[in-house]
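Examining the three-dimensional arrangement
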Amino acid sequence: MDTVGKKYLVLGAGVSGQAAANALIRQGAEVVLNDVKPLNTNEQNLSKLSRMGVKIISGYQDESLLYGIDGIIISPGIPLSLPVLNVARLSNIEIISEIELAYRMSEAPILAITGTNGKTTTTTLLGEMLQTAGIPVAVGGNIGVPLTQEVHTVGKNGFIVAEISSFQLEGVSNFRPRAAAILNITPDHMDRHGTIEEYRNTKAKIFARQGMYDYAVLNHDDPQVRTLADKLAGQPMFFSRMTQPAGDGCYVAYCRLWLKYKGQTQCICATNEIKLLGEHNIENALAACCLAAIAGVKPETMAEVLRSFTGVEH
């Protein structure tokens, strides 16, 4: 991504916005960081960004911020309906999310995870599987660590594991994960998305730019997710607690987790060996195993992690 000499406006000065501003300024861009709320520029992180050359403007958010701007990066909390963004569109200024920026900066392929529930557990579990397998990996996104902060830590021989929210997916255009999973879809954030159909369509943007050599991992047991298979450009890979998928995927049978991938069917482990409790965590484990297989992790390594992983502290 060529950012040298270009001027970017980053809207939202929280953790995500600060990371985006940091990444852009380090790549030779001119950066304005803005928040509608008044900011204390003496705060340590903001002070550091200011010393690096980031211009910090707070207390208002209007079209005066757009002068000379080549592109806008929005934090997850920024709605696309914001008046200043409407003016930006009329001026043909590109508007992207922080994860889109991270994707454009990353050398490593991305394994992305979204869904209403279970994202953080599945993301962390997958990261542990890759790390245990000795594969270079960085974990970030909606999990609490901005993706733009992590993408420079792993080269093209590793992977970025990313938890992605529906808010983050609103601002993607080129985002193309090597493999992506939707864990489940139930009504959530209706104040922002309006309908369950719009919410599902926003989640489905995680697959929108995939090609025939990419993978879309889907929950076969969730009707809202399963029906997305008909619209995929990438290769579908299902996971299920209740049935054996026709193609590649992970499933439960005879109280065991099974992986069916590239012409082989292998047992991963028994369900009662999994440290994580609950049927929902069986689904999370199945999804993580699908993505781990795509990344080259062997079933015995998946089993090792599943037997020891106790969950994510909140």
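Residues numbered from 1 in each chain as written. Predicted model: local features only at pLDDT ≥ 70, side-chain atom pairs only at ≥ 80, totals over all residues. Heavy atoms only, no water.

So, about the packing of aromatic side chains. Under the defined criterion, the tally for this structure stands at two aromatic pairs. On the basis of an interplanar angle of 75 degrees and a centroid distance of 5.7 Å, the ring pair of Tyr-103 and Phe-175 is categorised as edge-to-face. Remark: Phe-175 occurs in the loop between helix H7 (166–169) and strand E9 (179–182) and Tyr-103 occurs in helix H4 (residues 98–105); sequence separation between them is 72 residues. On the basis of relative accessibility, which here comes to 24%, the residue Tyr-103 falls in the partly exposed class. A residue is classified by how much of its surface remains accessible, and Phe-175, at 1% relative accessible area, is buried. (Phe/Tyr/Trp six-rings, centres within 6.5 Å; stacked < 30°, edge-to-face > 60°. Helix = DSSP H or I, 4+ residues; strand = E, 2+ residues; numbered from the N terminus. Buried < 20%, exposed > 50% of the residue type's maximum accessible area, 1.4 Å probe, protein only.)

With that settled, the discussion passes to the sheet that holds strand E2 (residues 30–35). A sheet is described by the order of its strands in space; here five strands give the open sequence E3-E2-E1-E4-E5, paired in parallel fashion. Whereas interior strands pair on both sides, the edge strands pair on one side only; in this sheet they are strand E3 (55–58) and strand E5 (94–97). The average undirected angle you get between the axes of adjacent strands in this sheet is 25 degrees. Packed on one face of the sheet, H4 meets strand E4 (71–74) and E5 and runs near 90 degrees to E5. (Pairing = 2+ DSSP bridges. Axes fitted to C-alpha atoms, helices over the stretch in contact; angles between N-to-C directions. Contact = heavy atoms within 4.5 Å.)

To continue, consider the sheet that holds strand E8 (residues 159–163). If you trace the nine strands from one edge of the open sheet to the other, you get E7-E8-E6-E9-E10-E11-E12-E13-E14, paired in mixed fashion. Of all the strands in the sheet, the pair left with one neighbour each is strand E7 (137–141) and strand E14 (264–270). Between one strand axis and the next, the sheet turns through 20 degrees on average, direction left out of account. Inspection of the sheet shows E7 paired to E8 by five bridges, in the parallel sense. Bridge pairing links Gly-141 to Glu-163 in E8. Set on the sheet, helix H11 (residues 279–294) makes contact with strand E6 (110–114), E9, strand E10 (215–219), strand E11 (235–240), strand E12 (249–253), strand E13 (256–261) and E14; between it and E11 the angle comes to about 150 degrees.

On to helix H12 (residues 299–306), then. Most of H12 sits out of view: six of its eight residues are buried. Along H12, the residues that are buried comprise Pro-299, Thr-301, Met-302, Ala-303, Val-305 and Leu-306. Packing partners of the buried residues in H12 comprise helix H5 (119–132), E13, E14 and H11.

Moving on, we come to the layout of surface pockets. Put simply, the largest pocket is a space of about 310 Å³. Every residue lining the largest pocket is counted, 15 residues in all, and those nearest its centre are Gln-18, Ala-19, Asn-22, Leu-49 and Gln-149. Those elements giving two or more residues to the lining of the largest pocket turn out to be helix H1 (15–26), helix H2 (44–52) and helix H6 (147–150). Considering each element in turn, the lining of the largest pocket owes the most residues, six residues, to H1. Looking at the lining of the largest pocket, its residues break down into five nonpolar, eight polar and two charged. Taken as a whole, the second largest pocket holds about 170 Å³ of empty space. Around the second largest pocket, the lining comprises 15 residues; the ones closest to its centre are Gly-12, Ala-13, Asp-35, Ser-75 and Ile-78. When grouped by side-chain class, the residues that make up the lining of the second largest pocket number seven nonpolar, six polar and two charged. (1 Å grid on protein atoms, 1.4 Å probe; cavity = no way out; pocket = protein on both sides within 12 Å on 5 of 7 lines; lining within 4 Å. Points joined across faces, edges and corners; volume = space filled by probe spheres on them. Nonpolar A, V, L, I, M, F, W, Y, C, P; charged D, E, K, R; others polar.)

The next thing to look at is the packing of H5 against H12. As a packed pair, H5 and H12 sit with axes 9 Å apart at the nearest point and diverge in direction by 125 degrees. Judged on the interaxial angle alone, H12 and H5 are oblique. Where H5 crosses over H12, the handedness of that crossing is right-handed. When H5 is examined against H12, the residues Leu-125, Glu-128, Met-129 and Thr-132 are found in contact with a partner set consisting of Thr-301, Met-302, Glu-304, Val-305 and Leu-306. Grouping the constituent residues of the contact of H5 with H12 by class yields five nonpolar, two polar and two charged. (Parallel < 35°, antiparallel > 145°, perpendicular 65-115°, else oblique. Left-handed = near helix turned anticlockwise from the far one by under 90°.)

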